[in-house]
Amino acid sequence: MVEKFEKTFVQLAQCELSPEERQAWWEENKVQLENNYPVAFFLNSKTIKHDFRWVPILASQKRAVEYLSARNIPFEFRSIPTTLWS
């Protein structure tokens, strides 16, 4: 189960998910996330309601990078392309 989430954390760190994909993933997995990760990580990864649709991705990306780095899981950090900021 944890490996499944780590794959998505890598996708978040590498900015490979759209806000809609991230939201769908969150809704599908929030119970398992709550059961498998420390409360602080879970709370900081929750969906943020915001007019700028990329804010949840930015917040999740930060938490994913912290998680992956702490466990020495390889990933390549990528920023959101500015052409997508809408």
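Residues numbered from 1 in each chain as written. Predicted model: local features only at pLDDT ≥ 70, side-chain atom pairs only at ≥ 80, totals over all residues. Heavy atoms only, no water.

Regions with low pLDDT carry predicted coordinates that are not meant to be interpreted in detail. With 71% of its residues at a pLDDT of at least 70, the protein chain reaches an overall mean of 79. Ranking the elements of the protein chain by mean pLDDT puts helix 3 (residues 39–45) last, at 64, and helix 1 (residues 2–13) first, at 86. (pLDDT = per-residue confidence, 0-100. Helix = DSSP H or I, 4+ residues; strand = E, 2+ residues; numbered from the N terminus.)

What follows covers helix 1. Look at helix 1: 16 Å from first C-alpha to last across 12 residues, which is about the 16 Å you get at 1.5 Å a residue. Those residues of helix 1 that sit buried are F5, E6, T8, F9, V10, L12 and A13. Residue C15 follows helix 1 closely and has a positive phi angle near 55 degrees. (Expected span 1.5 Å × (residues − 1). Buried < 20%, exposed > 50% of the residue type's maximum accessible area, 1.4 Å probe, protein only.)

Take the nonpolar core next. Counting residues in each nonpolar core, the largest one holds 18 residues, and the members touching the most others are F9, L12, W25, L33 and L68. Elements with a minimum of two residues in this core: helix 1, helix 2 (19–36) and helix 4 (55–70). (Core = buried A, V, L, I, M, F, W, Y, C linked by side-chain atoms within 4.5 Å.)

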